[in-house]
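Results of the structural survey
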Amino acid sequence: MQCTPAILIRLTRLTETSLIVHWFTGERGLVKTVAKGARRPKSPFAGQLDLFFGGEISFQEARRGELHILREVSIREWREGLRKSYAATLLAAYCCQLLEAAVEPDHPEPSLHDLLRRALDHIDAEGPSLRALRHFERELARLLGISHQQQAAEESLRNAFGPTKISARQRGELVNSVYKTGTFSPSRYEPWTPLPPP
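The structure displayed is predicted, hence computed values, not measured ones.

Some points on the pairing of strand E3 (residues 29-35)
Counting buried positions over the 7 residues of E3 gives 7, a clear majority of the element. Where strand E2 (residues 19-25) and E3 come together, 7 bridges link them in antiparallel fashion. Bridge pairing links Trp23 to Val31 in E3. The antiparallel hairpin formed by E2 and E3 contains 3 residues in its connecting segment.

Some remarks on the environment of Thr89
Looking at the element boundaries, Thr89 is found in helix H1 (residues 86-102). Residues Thr89 and Gly127, 38 residues apart in the sequence, show an inter-C-alpha distance of 9.8 Å. Aside from chain neighbours lying at most four places away, what touches Thr89 is Phe52, Leu82 and Arg83. A polar atom in the side chain of Thr89 sits 2.6 Å from the backbone oxygen of Leu82.

Observations regarding the pattern of salt bridges
Evaluated as defined, the whole model comprises 16 salt bridges. Salt-bridge contacts for Glu56 lead to Arg76; the nearest nitrogen and oxygen are separated by 3.7 Å. One end of the pair, Glu56, is in strand E4 (residues 54-60); the other, Arg76, is in strand E5 (residues 67-77), and 20 residues separate them in sequence. Taking the relative accessible area as the measure of exposure, Arg76 reaches 53% and is therefore exposed. The partner of Asp121 in a salt bridge is Arg79, with the nearest N and O atoms 2.9 Å apart. In this pair, Asp121 sits in helix H2 (residues 110-126) while Arg79 sits in the loop between E5 and H1, placing the two residues 42 residues apart along the sequence. By relative accessible area, which is 28% here, Asp121 ends up partly exposed.

Parameters and conventions
- Per chain, residue numbering runs from 1 following the sequence as it is written.
- Reporting of local features is limited, given that this is a predicted model, to residues whose pLDDT is at least 70; pairs of side-chain atoms are given and counted only at 80 or more, and all residues count toward the totals for whole chains, interfaces and linings.
- Only hydrogens and water are set aside; all other atoms, that is, all heavy atoms of the structure, feed into the side-chain values.
- Only protein chains enter the calculation, and the probe is 1.4 Å; a residue is then buried if its accessible area is under 20% of its type maximum, exposed if over 50%, and partly exposed in between.
- Helical segments are the DSSP runs of H or I of at least four residues, strand segments are the runs of E of at least two, and each set is numbered from the N terminus.
- Paired strands, as defined in this entry, are two strands with at least two bridges between them according to DSSP.
- Any two residues whose heavy atoms approach within 4.5 Å at even a single point are treated as in contact.
- For the purposes of these results, a polar contact is taken to be a pair of N or O atoms within 3.5 Å, where, inside protein, one atom must be able to donate a hydrogen and its partner to accept one; residues adjacent in sequence count only when each atom of the pair is a side-chain atom.
- A pairing counts as a salt bridge when a side-chain nitrogen of Lys or Arg comes within 4 Å of a carboxyl oxygen of Asp or Glu.

This is the structure in structure tokens:
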């Protein structure tokens, strides 16, 4: 049995009663699990599985493949602020999608886990902002070693992951949504504290 702090970044229905749940962890990186019976009314997972939740998970490693069996979940960070506006949800989902595109399953990425945790906590507490979006992209590109001084971080990420993972249209929709919330002023929200350079 493996136990690790984790952030829920993707939910997919597997059957009428079960879910595939993707977690991002510091110790194991991207972890994919099956939550058997999670959609049943009296499931022990009821109320424990939703996007951006953070806490401790226990899972049984798969004998073959990368789909492990989720055994227990203990949620500590609910991040309710991420559900207060469409723009906040969209920005949080974009951060998770970028990160998922950047990593391999079961590969430790403590600095990226810390970046995602800080980003989601910032959006949860302060609301969505273009400054937060750009800061996350810059930090992610820097930590991945793909940042270029003469190129915007969003371009570096798109070049690294390809347009199928991060489309200009998707990012444009996100920017418009955040802009419409009125939380785009650089003076209103400072970005979360960046990690020191390696």
